[in-house]
There are 2 protein chains.
Amino acid sequence: MTLSMVELIRAKRDGGSLTDNELAWIIREYTADQIPDYQLSALLMAIVFNGMTADELSAWTEAMLHSGKVLDLTDLAIPKIDKHSTGGVGDKISIPLVPIVASCGVAVPMISGRGLGHTGGTLDKLESIPGFTVDIDPSAFVDQLADIGMVMAGQSETLVPADRRIYALRDATGTVPSIPLIASSIMSKKLAEDLDGLLLDVKVGAGAFMKTVGEATDLAHTMVSIGARHRTRVTAILTNMDQPLGQAVGNANEIQESIAILRGEGPPDVRELTLAFAAEMLVLSGIADHAKALRAAENAISSGRALEMMILVTERQGGDPATIEDPSLLEIAPHTFVIEAETDGWVTACDAYAIGTAGVRLGGGRATKEDVVDPGVGFSIDAKIGDYVTKGQPLARIAYRDTAKLKSALAASSTAWEISPNKPAIPPLIIETIR
Amino acid sequence: MTLSMVELIRAKRDGGSLTDNELAWIIREYTADQIPDYQLSALLMAIVFNGMTADELSAWTEAMLHSGKVLDLTDLAIPKIDKHSTGGVGDKISIPLVPIVASCGVAVPMISGRGLGHTGGTLDKLESIPGFTVDIDPSAFVDQLADIGMVMAGQSETLVPADRRIYALRDATGTVPSIPLIASSIMSKKLAEDLDGLLLDVKVGAGAFMKTVGEATDLAHTMVSIGARHRTRVTAILTNMDQPLGQAVGNANEIQESIAILRGEGPPDVRELTLAFAAEMLVLSGIADHAKALRAAENAISSGRALEMMILVTERQGGDPATIEDPSLLEIAPHTFVIEAETDGWVTACDAYAIGTAGVRLGGGRATKEDVVDPGVGFSIDAKIGDYVTKGQPLARIAYRDTAKLKSALAASSTAWEISPNKPAIPPLIIETIR
């Protein structure tokens, strides 16, 4: 089949729809270096403006997911369920979630990302455990999943190469913020994991990529419908990301907080989301209804089985299990700076974007893909929306290594907290569930 | 100055405006290979959707026109006026126009283009005169203009290199149809000629790139306002291009028709436009008011001076002057096919796009830039809108060389003529003048 890329660009520009064959041809030829970057970027910009129909999006996603190898997990008898978050600040939920769900008899083949922009990444957090590796090739991935029912790994070069190339081009051409392009990027990678079901955590608010419930709802519906066309059960849960999740924003400190959750401790918001997501994943797997699933998840924590599973996966992936048993062994940066309340009142804002950006500036995240993450720095947040504080009371404590970086972080976080004489409504953590 | 191209793309995508410095930086860095094609094409697509403000357009055009050398005609005492057409079918007006205007004491430094798509190009038509060259370097161009007051040349590689590169990218990325991009492309090339005034023939209709008066008016106003900001007088005349101009559509046959005009003969529509444009150029030059200008143009023809000027420029550019004195010496393809009316009635359509496309298929134009033009083939149109024909009467005669190409041309032109029992209104040739 020989098509004319310029004619396809024109059709998309003029509001037309491309056929399954045309979209598959574009992905195939681009991945094979037969379509130049300058044509694809023009098409991507036309998609930013004109969107994609459900048919187009399904064909585009299928073409992406088949651009490389896909996992084959058909030999695994138990259901395979994964969870993906669109990215937030202090979002460590995946870390306690995987051992909880795996300990309930559901396989979790989790492929995660690194932090970029103001958000953290599960892989960076896991790497703050000494020795822990997230580089697992597809055959070792399948073996580990069969052996212990869970993997927490990075994206393999062989899975969905089209997405990696298209994402890099989007990043350089201002074509990132497009619901169909975001949805197809996420879904092509997740569907390549050969899942029975997928839970999507779609973050909304100041610290999320989706700033409004409307946008997030669009994205959620779009991804759920891509899943339906692929015959994979997908549930999307919209959750609030106006303020960070939990107390810890960083890397090693987020592992500590994750382990606290597995011990039945930790901040209530992290516990609430972890249990809600675990229950939803068990429901998606078909092994339990919602009430039973929630009890199973709670029981996985209270029985200590989930913590044992965390130790097991840490050992399997080369990490030091002693740090899971005693998280105070994880190295935290030596200096502490306390941000204090400047006045008495109610906390009405604790801006996740500002705190996420400050965390990156401390050295805990990446401004560019090449930056090296410092696992020990980060925020521990003491005052969140709805708390009453008195002047001089700590709002957050910052673990830092470098005074210049601290200064830069403080500049970013100086306006994060707002304190008011009026008690605010506390936004619900879980906004909506879309199936 | 270091700017971030991706931030500029995002700003344009989101409906923002770029500054003069930002736009100049983009043109400069792109021309210097410091901005990759894939970023510029994304920006161009964002411009297709979001347009440009008058300030942006002026800065973008100035940056383009200064991307290479510009002509310096300050030593030339007489006014310098050029004319540009947005492209049509049978549009040979430039060829009689240049010697008429030059013979009235106004210098015409005309830089023309080649045919592309369904339209013909002045350069291709001139090259059907044996020996005639349109490749004239900038210093010979200035010398010839000083000596005989007129040049008919192609674009030099050194003038406006940014436009050549950007146009090639637009052609490959579906970013051609944008009023600001079209206007800046035309105006940057014309303003680089160091003109005192410019006449724009903005074609409207089936055979033009602008299909509606609304689009053409937009384009005309946009170009006039670019001229005003550059302190160059610009007049735009909207003219009808539903049907071809004159009888001849081809190359050698269009030269024959042009010479007929210079002899006071030829089709009335070609004569009308030529005289109107000549008068407008003389008005733009400031040497005459409209009534006087029109008489001067008519007199240039009736006195034979314009024809002498055509002989002069032909000699100067290496062409055989005998073919101007006796245009029957120009080689016309040996075979003739007559398209006959299938019924009695009034001609209500004589589709310029269909006939232009048929002319290209005969070999008289280019499907790709590499194609070689056959100067001898073409249409001679006998029946135009408003004519009454009887069944079997010739609508057009086709001069052809190759039967397969004739067949292909006839397929394209088969629906060009519409014949109706009702007499149609004849569309006015000159629609509007915008100053």
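Remember, it's a predicted structure, so these values are computed and weren't measured experimentally.

Caption draft 1: Molecular detail of the packing of helix H12 (residues 268-285) of chain A against helix H13 (residues 290-302) of chain A. Residue and element names in this part refer to chain A. Orientation of H12 relative to H13, taken along the N-to-C sense of each, is 125 degrees, at an axis distance of 8 Å. The pairing of H12 with H13 is recorded here as oblique in orientation. In the packing of H12 onto H13, the handedness of the crossing is right-handed. Where H12 approaches H13, its residues Arg271, Leu275, Ala278, Ala279, Glu280, Leu282 and Val283 are matched on the opposing element by His290, Ala293, Leu294, Ala296, Ala297, Glu298 and Ile301.

Caption draft 2: Structural view of helix H17 (residues 403-413) of chain B. All names here are of chain B. Within H17 the residues assigned to the buried category are Leu406, Ala409, Ala412 and Ser413. Burial along H17 is one-sided: seen end-on, the buried residues are contained in an arc of 120 degrees. Set apart from the buried face of H17 by more than 90 degrees, the exposed residues are Thr403, Ala404, Lys407 and Ala411. As for H17, its buried residues are in contact with strand S7 (335-340), helix H16 (352-364), strand S9 (378-381), strand S11 (394-400) and strand S12 (417-420). With a side-chain oxygen positioned 2.8 Å from the backbone nitrogen of Ala404, the residue opening H17 is Asp402.

Caption draft 3: Highlighting the relation of the copies chain B and chain A. Mapping chain B onto chain A is achieved by rotating through 180 degrees and translating by 0.0 Å along the same axis, at an RMSD of 0.0 Å. Such a combination of rotation and displacement between the chain copies is what one expects of a two-fold axis. Among all residues of chain B, the minimum C-alpha distance to the rotation axis is found for Tyr38(B), at 1.7 Å. Residue by residue, 100% of the interface of chain B is reproduced at the interface of chain A, so both copies engage with the same surface.

Caption draft 4: Representation of the pairing of strand S8 (residues 345-350) of chain B. Residues and elements named next belong to chain B. Bridging between S8 and strand S10 (residues 388-389) involves 2 bridges; their strand directions are antiparallel. Bridge pairing in S10 places Gly345 opposite Val389. Sheet analysis places S8 next to S12, joined by 4 bridges and oriented antiparallel. Paired with Val347 across the bridge in S12 is Ile419.

Caption draft 5: Region of the structure containing the sheet that holds S7(B). All names here are of chain B. Ordered by their spatial adjacency, 4 strands build an open sheet running S6-S9-S11-S7, and the pairing between neighbours is antiparallel. Each edge of the sheet is formed by a strand with only one pairing partner; in this case those strands are strand S6 (248-250) and S7. For this sheet, the mean angle separating the axes of adjacent strands, direction not counted, is 20 degrees. Across the sheet, H16 lies against S6, S9 and S11, angled at about 140 degrees from S9, the strand it touches most.

Caption draft 6: Representation of the domain arrangement of chain A within the structure. All names here are of chain A. When its domains are assigned, chain A resolves into domain 1 (5-51), domain 2 (81-327) and domain 3 (332-420). Between the C-alpha centres of domain 1 and domain 2 the distance comes to 31 Å. The interface is formed by 12 residues belonging to domain 1 together with 12 residues belonging to domain 2. Taking both sides of the interface into account, the surface hidden between domain 1 and domain 2 amounts to around 1,100 Å²; carbon and sulfur atoms contribute 76%. Among the residues domain 1 hides against domain 2, the three largest losses belong to Tyr30, Leu44 and Val48. Together they make up 42% of the total.

Caption draft 7: Spatial organisation of helix H12 (residues 268-285) of chain B. Residue and element names in this part refer to chain B. Compared with an ideal rise of 1.5 Å per residue, which puts 18 residues at 26 Å, H12 spans 26 Å between its outermost C-alpha atoms and is within 8% of the ideal. Within H12, 14 of the 18 residues are buried, which leaves the element mostly enclosed by the surrounding structure. Of the residues flanking the end of H12, it is Gly286, one or two places downstream, whose phi is positive at about 85 degrees.

Caption draft 8: The arrangement of the interface of chain B and chain A in detail. Chain B puts 21 residues into the contact, and the matching count from chain A is 21 residues. Surface buried jointly by chain B and chain A totals about 1,600 Å² across both partners, of which 71% is contributed by carbon and sulfur atoms. A per-residue breakdown of the area chain B buries against chain A is headed by Arg13(B), Tyr38(B) and Phe49(B), which together make up 37% of the total. Joining chain B to chain A, the criterion identifies 0 salt bridges. Across the contact surface, chain B and chain A share 7 residue pairs in polar contact (both at pLDDT 80 or more). Every element with two or more residues in the side of chain B that touches chain A is listed here: helix H1 (5-13), helix H3 (37-50) and helix H8 (161-173) of chain B. In terms of residue class, the side of chain B that touches chain A is built from 11 nonpolar, 6 polar and 4 charged.

Caption draft 9: Representation of the pattern of salt bridges in the model. Residues and elements named next belong to chain A. Under the definition given, this model contains 46 salt bridges over all chains. The partner of Asp201 in a salt bridge is Lys203, and the shortest N-O contact between them spans 2.8 Å. The same class applies to Asp201 as to Lys203, namely buried. Residue Lys384 pairs with Asp269 through a salt bridge whose shortest N-O separation is 2.8 Å.

Caption draft 10: Spatial organisation of the packing of aromatic side chains. Residues and elements named next belong to chain A. This model, assessed by the stated rule, comprises 3 aromatic pairs over all chains. Ring plane angle 75 degrees and centroid distance 5.1 Å describe the contact between Trp346 and Tyr388, whose orientation is recorded as edge-to-face. Of the two residues, Trp346 sits in strand S8 (residues 345-350) while Tyr388 sits in strand S10 (residues 388-389), which places them 42 residues apart along the sequence. By relative accessible area, which is 43% here, Tyr388 ends up partly exposed. Directly above the ring of Tyr30 sits Arg165, whose terminal nitrogen or CZ lies 4.6 Å from the centroid.

Caption draft 11: Just unusual backbone geometry, in detail. Residue Asp33(B) is not a glycine yet carries a positive backbone phi of 60 degrees. Inspection of the secondary structure puts Asp33(B) in the loop between helix H2 (20-31) and H3.

Caption draft 12: Just the nonpolar core, in detail. With 126 residues, the main nonpolar core has Ile26(A), Leu40(A), Trp60(A), Ile26(B), Leu40(B) and Trp60(B) as its most contacted residues. Beyond its immediate chain neighbours, meaning those up to four positions away, Trp60(B) contacts Leu23(B), Ile26(B), Ile27(B), Leu40(B), Leu43(B), Leu44(B), Met52(B), Ile166(B), Leu181(B) and Ser184(B).

Caption draft 13: Molecular detail of the confidence of the model for chain A. Looking at chain A as a whole, its pLDDT mean stands at 95, while 100% of the residues score no less than 70. Confidence metrics for the complex model read pTM 0.87 and ipTM 0.85.

About the cut-offs
Along every chain, residues carry numbers that run from 1 in the direction the sequence is written. Lettering for chains starts from A, numbering for ligands starts from 1, and both go in the order in which the items are written. Local features in a predicted model are, by the rule used here, given only for residues with pLDDT of at least 70; side-chain atom pairs are given and counted only at 80 or more, and totals for whole chains, interfaces and linings are based on all residues. Calculated side-chain values reflect all of the structure's heavy atoms, with hydrogen atoms and water omitted. Working convention: axes come from line fits to C-alpha atoms, limited for helices to the stretch in contact. Angles between N-to-C directions cover 0 to 180 degrees. Note on conventions: DSSP H or I runs of at least 4 residues are helices, E runs of at least 2 residues are strands, and numbering of each starts at the N terminus. Between 65 and 115 degrees an angle is taken as roughly perpendicular, under 35 as roughly parallel, over 145 as roughly antiparallel, and anywhere else as oblique. Crossing handedness follows the turn of the near helix against the far one: under a right angle anticlockwise gives a left-handed crossing, and clockwise gives a right-handed one. Contact definition: two residues touch when any of their heavy atoms are within 4.5 Å. Burial classification: accessible surface area is computed with a 1.4 Å probe over protein chains only, and a residue below 20% of its type maximum counts as buried, one above 50% as exposed, and the rest as partly exposed. This arc is built from the directions going out from the helix axis to the C-beta atoms. Identification of polar contacts relies on pairs of N or O atoms within 3.5 Å, with a donor-acceptor requirement for protein atoms, meaning one able to donate a hydrogen and the other able to accept it, and with residues adjacent in sequence counted only if both atoms are side-chain atoms. Only residues with pLDDT of at least 70 in both copies contribute their C-alpha atoms to the least-squares superposition of the copies. For two strands to be treated as a pair, DSSP must find at least two bridges joining them. Bear in mind that the domain bounds are from an automatic or database domain assignment. Buried area is a sum: the accessible area each of two parts loses on coming together, probed at 1.4 Å, counted once for each and added. Here, expected helix span is obtained from the residue count minus one, scaled by 1.5 Å. A pair is scored as a salt bridge if a Lys or Arg side-chain nitrogen falls within 4 Å of a carboxyl oxygen belonging to Asp or Glu. Ten residue types, Ala, Val, Leu, Ile, Met, Phe, Trp, Tyr, Cys and Pro, are classed as nonpolar, four, Asp, Glu, Lys and Arg, as charged, and the remainder, Gly among them, as polar. Aromatic contacts are taken between Phe, Tyr and Trp rings whose centres are within 6.5 Å, Trp giving its six-membered ring; a plane angle under 30 degrees counts as stacked, one over 60 as edge-to-face, and the others as tilted. By definition, being over a ring means that NZ of Lys or CZ of Arg is both within 6 Å of the ring centre and within 35 degrees of the ring normal. Residues enter a nonpolar core if they are buried and are Ala, Val, Leu, Ile, Met, Phe, Trp, Tyr or Cys, with the set joined through side-chain atoms within 4.5 Å. Confidence scores labelled pLDDT are given residue by residue by the predictor and lie between 0 and 100.

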